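A look at the structure
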Amino acid sequence: KLAESLGLPMEVTAMAETDWEESWKENYTAVEVGERLVVLPYWLSEEDHGNRLPVILDPGLTFGTGTHPSTQMVLRAMEKHVKPGMACLDLGSGSGILSIAALRLGAGRATGVDIDPKAEDIARENAAYNGFTAPRFTALTGNVTTDKPLMSRLSQTHYDTVLVNIVADVIIGLAPVLPSFLSESSNLICSGILDSRLNEVVAAIEQAGLTVTSIRAKEDWRCITAKRSNPL
């Protein structure tokens, strides 16, 4: 009616039928990360990416699709530190992307922990897309800073690589318990840290008895790698 009142020409065109439930998938493409990994939505799992190791996900389920700078920095650090046969612990596992990547890189087993019960099912489902099931991949729900039975269960093992890709406040809160999961030779990889919070996170990690060995940067985000300062 407004167009008519202004004397503007009108044209009506029928739009082609669209499967809206499927069309959102067109926005997702493979993401090559580092030198060895490629993150793929499950419907592109057959794409050829040469010798890159596929990390297959359902990107519509939860956080962790490989596109965020914080996740990409962790994956690059993992390429350097994760070796065949290692045990990995992924705190704040979300989609399970880091656990799956660790297994693709040769880790013997990976354990993903998230406070959201839905994340446990999602991570297990994504792991299955990649052919990983228990006991090689284990998904758990809980908060390691408050759930004593969970903490006791996890701390029975020292992990070769511990991954924490969350946010600065959560990393600071986790810092006191992180040494419980690390041996003298283990690596802690933390990301999701804005540059403006870097000093706070470094201080919390050092206060917990860890030594920062490297800091990666991508855009406004930072990724820290650390080790125990003293032998057990």
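Data block above holds the structure.
Per the counting criterion, the structure on display carries six salt bridges. The salt bridge partner of Asp 121 is Arg 124, with a shortest N-O separation of 3.4 Å. Of the two residues, Asp 121 and Arg 124 are both situated in helix α5 (residues 117-129); the distance of three residues between them amounts to about one turn of the helix. On the basis of relative accessibility, which here comes to 37%, the residue Arg 124 falls in the partly exposed class. Among the salt bridges present, the one from Arg 197 reaches Glu 200, with a minimum N-O distance of 2.6 Å. One connected set of salt bridges, linked through shared partners, spans Glu 120, Asp 121 and Arg 124.

Attention now moves to the packing of aromatic side chains. On inspection of all chains with the given rule, the structure shows three aromatic pairs. Arranged with centres 5.2 Å apart and planes meeting at 0°, the rings of Tyr 42 and Tyr 129 form a pair that is stacked. Taken together, the residues span a long stretch of sequence, with Tyr 42 in the loop between β2 (37-41) and β3 (53-57) and Tyr 129 in helix α5 at a distance of 87 residues. Note on Tyr 42: relative accessible area 26%, which makes it partly exposed. Between Tyr 159 and Phe 181, the aromatic rings sit 6.4 Å apart at their centres with planes inclined by 65°, giving edge-to-face as the arrangement.

Parameters and conventions
- Residues numbered from 1 in each chain as written.
- Predicted model: local features only at pLDDT ≥ 70, side-chain atom pairs only at ≥ 80, totals over all residues.
- Heavy atoms only, no water.
- Salt bridge = Lys/Arg side-chain N within 4 Å of Asp/Glu carboxyl O.
- Helix = DSSP H or I, 4+ residues; strand = E, 2+ residues; numbered from the N terminus.
- Buried < 20%, exposed > 50% of the residue type's maximum accessible area, 1.4 Å probe, protein only.
- Phe/Tyr/Trp six-rings, centres within 6.5 Å; stacked < 30°, edge-to-face > 60°.

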